[in-house]
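# Examination of the molecular architecture
Residue-level listing of the chains:
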Amino acid sequence: EAKGAGKNAFRFFAAAMDSAAQERLQLELRLRAAIEAETLTLQYQPQVDVCSGQVVGLEALARWVDAERGSVPPDEFIPLAEDTGLIVPLGAWVLDEACRQAALWRLTVPVAVNVSPVQLNREDFPDVVATTLALHSLPPQLLKLELTERLTIRDPVLAARQLGRLRELGVRLSLDDFGAGQSSFASLMRLPLHELKLDRSMLANVTDDPASWQVIEALMALARSLQLPIVVEGVETPAQLSALRSLGCHIAQGYLTGRPQSPDVVARLMTLEGLEVNSDTGRP
Ligand code: C2E
Ligand code: MG
Ligand code: MG
Ligand code: MG
């Protein structure tokens, strides 16, 4: 009797596993189709100088609206793409599209593109970047690559070599998710970076928890000693912004200073900012 029930439970479990795996496979197939059909889109979120309020950069963020599932968040489809290798064509498309748009806008501040460790660890990645810049005649200093802290874990030597090659191209290198605590400082500090980007989780309690204020203060001191500017992500309230200003942060990115927006909305906002942008998105 008990044995029979156990057997049934196992069958049920196996069936549930099967359907989860099925669903994942379906999602993978639809993501592959979306990449091939180029139906993903990019939104752009401003990075703002904390003192002057000027837009000093735009981060490109991938968006996927699936016919069945509706909008799938990047925190779901990026890991799926990384596990299945789809991040390589997906990442190449994001890079191309962001460079195309930046060139079309005649952007005078960098466009930031997220790069997965899977992409960076491929030998040809610096060549892909060089080819894309050349294709769109985008000056390399107008491209910023955001590399996640996770990149140093698997192969720190390869990571450092690839970053060295990218730096030689003249692109800007930013360390995303800084402080999320996945890599040792020792390995991070050896990388040839231009900027540190503080993880959103660091900011949650900055206005009412002295300990979290002190952590940011310490990371700021570290950034200063490395002579690297720091970008703070996830700024949502005026109180957070003023706290960051008094901590000496340089650049803020968050819902307070601008949500991620579609290219046409960004073009309009940037024109209001007084930046020279061609408001054409190049799309019908
Ligand atoms: P990330 O690179 O750290 O990007 C910042 C994320 O924080 C974005 O989420 C953005 O919408 C969100 N954010 C910005 N300001 C605020 C705020 O004030 N409050 C809150 N609650 N959130 C804020 P998103 O677009 O959902 O992307 C999530 C992550 O997915 C990104 O984190 C990045 O790691 C990854 N991702 C997105 N697009 C790409 C891509 O094209 N390639 C790769 N490899 N990864 C990507
Ligand atoms: Mg990023
Ligand atoms: Mg980040
Ligand atoms: Mg992140």
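Here goes a summary of the coordinates provided. For clarity, every value in this text was computed on a predicted model and none was experimentally measured.

### Brief notes about the coordination of the magnesium ion (ligand 3)
Distances from the magnesium ion (ligand 3) to its protein donors, namely D176 (OD), E233 (OE) and E233 (OE), fall within the range 2.1 to 2.6 Å. Between the magnesium ion (ligand 3) and the magnesium ion (ligand 2), both coordinated by D176, there is a metal-metal distance of 4.2 Å. On the criterion of sequence distance, the pair formed by D176 in strand β6 (residues 172-178) and E233 in strand β8 (residues 230-233) is long-range, its members being 57 residues apart. For D176, a relative accessible area of 7% corresponds to the buried category. The buried category is assigned to E233, whose relative accessible area is 13%.

### A short note on the pairing of strand β7 (residues 195-198)
Here β7 shows two buried faces, one formed by E195 and K197 and the other by L196 and L198. The pairing of β6 with β7 spans three bridges and is parallel. Across the sheet, L175 pairs through a bridge with L196, a residue of β7. As paired elements, β7 and β8 share three bridges and run parallel to each other. Across the sheet, the residue bridging to K197 is V231, located in β8. Between β7 and its parallel partner β8, the chain crosses via helix α9 (residues 210-225), and the hand of that crossover is right-handed.

### Considering the packing of α9 against helix α10 (residues 238-247)
Across the interface, α9 lies against α10 with an axial gap of 10 Å and an inter-helix angle of 45°. With respect to each other, α9 and α10 are oriented oblique. Between α9 and α10 the crossing geometry is right-handed. When α9 is examined against α10, the residues W213, I216, E217, M220 and R224 are found in contact with a partner set consisting of A243, S246 and L247. Grouping the constituent residues of the contact of α9 with α10 by class yields five nonpolar, one polar and two charged.

### Looking at the site of ligand 1
Contacts to ligand 1 come from 22 residues, most closely from R63, N114, D176, E236 and Y255. At 2.8 Å from an oxygen atom of ligand 1 is found a side-chain nitrogen or oxygen belonging to N114. Contact distances for ligand 1 include 2.9 Å between an oxygen atom and a side-chain N or O atom of D176. Against a free-state accessible area of 800 Å², the protein chains account for coverage of 87% of ligand 1. If you map ligand 1 onto the pockets, it falls in the largest pocket. Breaking the shell around ligand 1 down by element, the ones donating at least two residues are β2 (55-66), α2 (74-84), α3 (87-105) and β6. Of the residues contributing to the shell around ligand 1, the split by class is nine nonpolar, five polar and eight charged.

### Some thoughts on the pattern of salt bridges
In this structure the tally under the stated criterion is 14 salt bridges. The structure contains a network of salt bridges with shared partners spanning E59, E146, K197 and E233.

### Details of the side chain of E82
Summarising the element assignment, E82 is placed in helix α2. Look at E82 and you get buried, because its relative accessible area is 15%.

### What about the coordination of the magnesium ion (ligand 2)?
The coordination sphere of the magnesium ion (ligand 2), as far as protein atoms go, consists of E59 (OE), N114 (OD1), E146 (OE) and D176 (OD), spread over 2.0 to 2.2 Å. Within one chain, the residues donating to the magnesium ion (ligand 2) are spaced in sequence as E-x54-N-x31-E-x29-D. On the basis of relative accessibility, which here comes to 29%, the residue N114 falls in the partly exposed class. With a relative accessible area of 1%, E146 lands in the buried category.

### Brief notes about the pairing of β2
The buried fraction of β2 amounts to nine of the 12 residues, a majority that puts the element mostly inside the structure. Of the pairings in the sheet, the one linking strand β1 (residues 41-49) to β2 comprises eight bridges and is antiparallel in character. From the neighbouring strand, Q45 faces β2, where its bridge partner is E59. Hairpin connection, β1 to β2: the antiparallel pair is bridged by five residues, and G53 has positive phi, about 80°. With three bridges connecting them, β2 and strand β3 (residues 70-72) associate as antiparallel partners. Across the sheet, W64 pairs through a bridge with V72, a residue of β3.

The rules behind each value
Residues numbered from 1 in each chain as written. Chains lettered and ligands numbered in written order. Predicted model: local features only at pLDDT ≥ 70, side-chain atom pairs only at ≥ 80, totals over all residues. Heavy atoms only, no water. Donors = N, O, S within 2.8 Å, 3.2 Å for Na, K, Ca; no water. Helix = DSSP H or I, 4+ residues; strand = E, 2+ residues; numbered from the N terminus. Buried < 20%, exposed > 50% of the residue type's maximum accessible area, 1.4 Å probe, protein only. Pairing = 2+ DSSP bridges. Right-handed = clockwise from strand over helix to strand, strands pointing away. Axes fitted to C-alpha atoms, helices over the stretch in contact; angles between N-to-C directions. Parallel < 35°, antiparallel > 145°, perpendicular 65-115°, else oblique. Left-handed = near helix turned anticlockwise from the far one by under 90°. Contact = heavy atoms within 4.5 Å. Nonpolar A, V, L, I, M, F, W, Y, C, P; charged D, E, K, R; others polar. Near = heavy atom within 4 Å. Polar contact = N/O pair within 3.5 Å; in protein donor to acceptor, adjacent residues only side chain to side chain. Areas by Shrake-Rupley, 256 points an atom, 1.4 Å probe, with all protein chains shown as cover. 1 Å grid on protein atoms, 1.4 Å probe; cavity = no way out; pocket = protein on both sides within 12 Å on 5 of 7 lines; lining within 4 Å. Sits in = over half its atoms within 2 Å of the grid points. Salt bridge = Lys/Arg side-chain N within 4 Å of Asp/Glu carboxyl O.

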